[in-house]
Each structure stands twice: as C-alpha cells, then as structure tokens.
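# Architecture at a glance
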Amino acid sequence: MADAKVIPFDDDRSRGGGGGSTPRSSRRRGASNRRAGGEPPAVGEVQPLPGVAPVRDDDPVTHEDERPGKQAGDDASGGLEQRIASGLAFLRRRLTGDYEVDDFGYDEELTDQVLMSLLRPLYEKYFRVEVKGIENIPAEGGALIVANHSGTVPMDGLMMQVAVHDEHPAGRHLRLLAADLVFVLPVVNELARKLGHTLACAEDASRLLEQGELVGVMPEGFKGIGKPFSDRYKLQRFGRGGFVSTALRARTPIVPCSIVGAEEIYPMIGNAKTLARLLGLPYFPLTPTFPWLGPLGAVPLPTKWTIQFGEPIPTDGYPPEAAEDPMLMFNLTDQVREQIQHTLYKLLVQRRSVFF
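Below is a short write-up of the structure. (Residues numbered from 1 in each chain as written. Predicted model: local features only at pLDDT ≥ 70, side-chain atom pairs only at ≥ 80, totals over all residues. Heavy atoms only, no water.)

### Points about a nonpolar patch on the surface
Nonpolar side chains collect at one region of the surface, where Leu 80, Ile 84, Leu 88 and Leu 91 lie side by side and expose about 380 Å² of accessible area between them. Checked against the element boundaries, Leu 88 lands in helix H2 (residues 68-96). (Patch = residues over 30% accessible without salt bridge, like charges linked within 9 Å, V, L, I, M, F, W, Y side chains within 5 Å. Areas by Shrake-Rupley, 256 points an atom, 1.4 Å probe, with all protein chains shown as cover. Salt bridge = Lys/Arg side-chain N within 4 Å of Asp/Glu carboxyl O. Helix = DSSP H or I, 4+ residues; strand = E, 2+ residues; numbered from the N terminus.)

### With respect to the pattern of salt bridges
Tallied over the entire structure, the rule returns eleven salt bridges. For Arg 94, the salt bridge goes to Asp 107, with nearest N and O atoms at 2.4 Å. Here Arg 94 is found in helix H2, whereas its partner Asp 107 is found in the loop between H2 and helix H3 (108-126), with 13 residues between them in sequence. Taking the relative accessible area as the measure of exposure, Arg 94 reaches 19% and is therefore buried. The salt bridge involving Glu 324 is made with Arg 249; its shortest N-O contact spans 2.5 Å. Here Glu 324 is found in the loop between strand E9 (306-309) and helix H10 (326-350), whereas its partner Arg 249 is found in helix H8 (residues 242-250), with 75 residues between them in sequence. Of the residues examined, Glu 324 reaches a relative accessible area of 54% and is grouped as exposed. Overall, the relative accessible area of 47% leaves Arg 249 in the partly exposed class. Linked through salt bridges whose partners overlap, the residues forming this network are Arg 93, Arg 94, Asp 107 and Glu 109. (Buried < 20%, exposed > 50% of the residue type's maximum accessible area, 1.4 Å probe, protein only.)

### Details of the nonpolar core
Counting 29 residues, the largest nonpolar core has Ile 145, Met 160, Cys 257, Ile 259, Trp 305, Ile 307 and Phe 309 as its most contacted members. Those elements giving two or more residues to this core turn out to be H3, strand E2 (143-147), helix H4 (156-167), strand E3 (174-178), strand E6 (254-260) and E9. When residues in this core are grouped by element, the largest group, five residues, is from H4. The contact partners of Cys 257, leaving out residues within four places of it in the chain, are Ile 145, Val 146, Ala 147, Asn 148, Met 160, Ile 307, Gln 308, Phe 309 and Ile 340. Counting residues in hydrophobic clusters, the runner-up holds 28 residues, among them Val 217, Phe 243, Val 244 and Ala 247. (Core = buried A, V, L, I, M, F, W, Y, C linked by side-chain atoms within 4.5 Å. Contact = heavy atoms within 4.5 Å.)

### Some words on the pairing of E6
Judged by how many residues are buried, E6 sits mostly within the fold: seven of seven residues are covered. Covered by surrounding structure in E6 are Ile 254, Pro 256, Ser 258 and Val 260 together with Val 255, Cys 257 and Ile 259, the residues of both alternating faces. Here E2 pairs with E6 via four bridges, running parallel. Paired with Val 146 across the bridge in E6 is Pro 256. Taken together, the four bridges between E6 and E9 define a ladder with antiparallel strand orientation. Note on E9: the bridge partner recorded for Val 260 is Thr 306. (Pairing = 2+ DSSP bridges.)

Laid out in structure tokens, this is it:
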C-alpha cells in the first residue's frame, strides 16, 4: 500500500503594513536626517535602543510558523499521524479480511508492512549485508536466481530475499523454493507461505516463472546447510539439474548468486545423527555454543555478509526440446555451479575479516 503524500501549501498572509499618507520608510529616513542635524526626534517617533540596528522595510519578515524549527516539528507531527493512520488502516484490513493472497498463500501486504520490517534489522545492522551486481536481476519478467546454501540454519535465503526487495530499483519480490520440512513445521509453515515461499518442485517453479516472478532456488539443499565447518564454501552437488530444465521450459534467464558470511554464523563442528533421526531432522548440529549454552547458543554470530549476483545466463536462445537434453542440462548446471564457486573464492580473497 503506497503512503499518502502530504502536499504542502503556501501561507498567503499579507506581508505589507502601515497606513497613513507617509510611508514608514520615509518617516524613518526623515527622522534619521533630523537626528543627524541635531534636531530632537518627532513626537510619537520610536527611538531605537542603543546598540540595536533599526528594522528596515526591505528586511525579510519571518512569520512565526515559517521558522525552520516549527516547520520541522509540524512535518514530524504530520509524519507520525500518517504512520498511525496507515497502521490503523492496515489493522482494519487484517481484521475484516480485506486483503489478498495468491494461489501459493503469498501475502504481499503483510510481507511489505510486517515481515520485511522484522528481517531488515538483521540484514542492515546485524549481518550488515553488502550487495553487488543487483543490476544483473531483470527489472521485469521471470528469472531464476540460483545461490549457494550454507549456515546450518537457512537464514541465507531470507537475507537474499531482503536484498532483492530493498536493493533492486524495481523493489521486486523473490519467491523462494523451500524444502518439504519447512511446510510441516508449525508457525514456520504459515510464515513461509506468507513470505512467498513455495515447495521446491518443478510445477510450482514453472507456474511462478510463467507469471513473470523472480524465483530463488538453492540446489545444494540440506547437503549445503548441513555440511561441516571444515567444508565451508565448498559447493556440494547441485542435484540432477532440474532447475535448469525449468528455466529452459520457461525461457527465463538464470542468475547465479554467491553468498559469503553465512557459513560462519553457526560453525558446525559435529552432527548428532542419532538425535537427528529421533527428531526426524536431516541433521542435529553441534557448534561451539550450541547446545552447550542453551538458548543463548542459538544466537547466530554477527558475521559480515556479501551477496553478489552474477551475470545472467540466457536460455531463450535454445529450442523447446532443449529441456529434454540431458547433456545440455548437465553443461548448464556445471556452468552455473562453476560461476558461483569462482565468485565465492574471489569474494573470500577480498574479505578482510569474518566480522568486519
């Protein structure tokens, strides 16, 4: 929902003054001449105080409500009123059900007004994400963004989503493809749907791309986020190249994305596999702080992140039957993987510190 504009208006108060047949400026000049000649001031004339310069008619007159301090206060008050009114209107729509979600459960208004606002402090203040190559994401139309996956807890996808939304000139939304586990967890399932995430399957990805959406995929899956810290920034298998086949069918470009900084937020030094099987999880991470410090150990380390979007790889030049060519899919998958890996190494060489 776009914020309403506050249109300033000019104050048309008269700036003229004085009456009578003789203008005030003429009377002041005459009084000054008489005083210079030693004559006493005329009766009723206001004599200026010593050390205070007399006011001239050509001096600019400042009205009380035109002073900068007062105008700034008025603007701040108006801005606060605008935010309160916008918030109340938002709550009214939520309570009355007067809002829209798409076929996948995506709630654009809730995402813009609430969920992005909750993620933004992590993005801006905690991880201090630096974004490069945002111009490689098209301003309109579908595109498939393929990124590396890491961090033990999949926060990299959320930060990539904020990066696309906040840094792209068109303010585009990224629709992430998520694993099955996300949609069986209580609360997480509902929030993921509201944020625009959907199941990582070819059918959903194709529908979104054909609708002109940006779709994000992390082909490493649990192999990427659950790998030991000793294998950090080493890409795992990219599956069978299903994302390439989807992009070829939709004839949309593939944009490689490299994320540095997520590997160190939860350094995974061990994996309690037995406990993971009991809980139905793909892995149970052991880090230097978790589970030894309890809930405090679940706080991620404040690493410095860099997200770089590479040059898009076009797919519209291939014939329709190319989506069924296994060799072509293998070659394109390998090209995307190599480009992401090369960019990761380059960013790591440029990085001065994990935290600064």
